Amino acid sequence: MAELAALLVRHSSWLAAHDAAADVTEEVARLVRRARQVVDPDPRRRVPIGACVEPGCPGGLTAAVQPDRPQLPARIVCDADPSHRWLGHEWLQMSRLAAGGRRRTR
C-alpha cells in the first residue's frame, strides 16, 4: 500500500492534469463513501413511508430506525408537522385499524 501511495504522490502533477482526472476523482470519492458505509454504517436508517395520514396534512412520513439499537422502537415522523409522530407499535396498530376500515382518532 505504501508503494502505491508513493507512486501516486510522485506522479500527482501528471495525474491531476490528465483529461480523466475529474472522472477518477469522482469515482474514488464514491468508493470512499461506500467503503465508509461498510466499515461504519449510519446507525440511523430513514425509510420513506408515504404521505402523512393526518387529514389535510401535506407532509410525508419517514420511519427512523436504529439497527444498532434494536431495543429502541422505530419512530415515524412527518416532515411538515412535528406533532405528527408515532412509535413503531402505534403505527402497526394504526395500519391494522385502517385495514379493518376503522379510523384512528387522536
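Scroll up to find the structure this text is about.
Conventions used here
- Residues numbered from 1 in each chain as written.
- Predicted model: local features only at pLDDT ≥ 70, side-chain atom pairs only at ≥ 80, totals over all residues.
- Heavy atoms only, no water.
- Helix = DSSP H or I, 4+ residues; strand = E, 2+ residues; numbered from the N terminus.
- Buried < 20%, exposed > 50% of the residue type's maximum accessible area, 1.4 Å probe, protein only.
- Contact = heavy atoms within 4.5 Å.
- Areas by Shrake-Rupley, 256 points an atom, 1.4 Å probe, with all protein chains shown as cover.
- Pairing = 2+ DSSP bridges.
- Disulfide = S-S within 2.5 Å.
- Axes fitted to C-alpha atoms, helices over the stretch in contact; angles between N-to-C directions.
- Patch = residues over 30% accessible without salt bridge, like charges linked within 9 Å, V, L, I, M, F, W, Y side chains within 5 Å.
- Salt bridge = Lys/Arg side-chain N within 4 Å of Asp/Glu carboxyl O.

A. Fine view of the overall build of the protein. From N to C terminus, the protein includes four helices and four strands. When its helices and strands are written in sequence order, the protein yields α-α-α-β-β-β-β-α. Among the 106 residues that make up the protein, the fraction classed as buried is 12%. Pairs at least 24 apart in sequence give 20% of the contacts found in the protein among residues at least 6 apart. When the accessible surface of the protein is totalled, it reaches about 8500 Å², and 58% of it is carbon and sulfur.

B. Quick look at the pairing of strand β2 (residues 60-65). One ladder, built from six bridges, connects strand β1 (residues 45-51) with β2; its direction is antiparallel. Looking at the pairing, Val-47 lines up with Ala-63 of β2. Sheet topology places β2 next to strand β3 (residues 75-78); four bridges connect them, and they run antiparallel. Across the sheet, residue Leu-61 finds its bridge partner in β3, namely Cys-78.

C. Quick look at the state of the cysteines. For the coordinates displayed, the defined rule picks out zero disulfides. Residue Cys-52 stays outside any disulfide, its sulfur separated by 3.7 Å from that of Cys-57, the closest cysteine. Looking at Cys-52, the relative accessible area reads 9%, which means it is buried.

D. Expanded view of the sheet that holds β3. Read from one edge of the open sheet, four strands run β1-β2-β3-β4, paired in antiparallel fashion. The two strands at the open ends of the sheet, each matched to only one other strand, are β1 and β4 (85-87). Shown here is a sheet whose adjacent strand axes are inclined to one another by a mean of 20 degrees, direction ignored.

E. Molecular detail of a nonpolar patch on the surface. On the surface, a cluster of nonpolar side chains totalling about 660 Å² of accessible area is made up of Met-1, Leu-4, Leu-7, Leu-8, Trp-14 and Leu-15. Broken down by secondary-structure element, the contributors of at least two residues to the nonpolar patch are α1 (2-10) and α2 (12-17). Of the residues examined, Leu-8 reaches a relative accessible area of 45% and is grouped as partly exposed.

F. Main features of the environment of Cys-52. One can find Cys-52 in the loop between β1 and β2. Put simply, Cys-52 and Cys-78 are 26 residues apart on the chain and 6.3 Å apart in space, counted from C-alpha to C-alpha.

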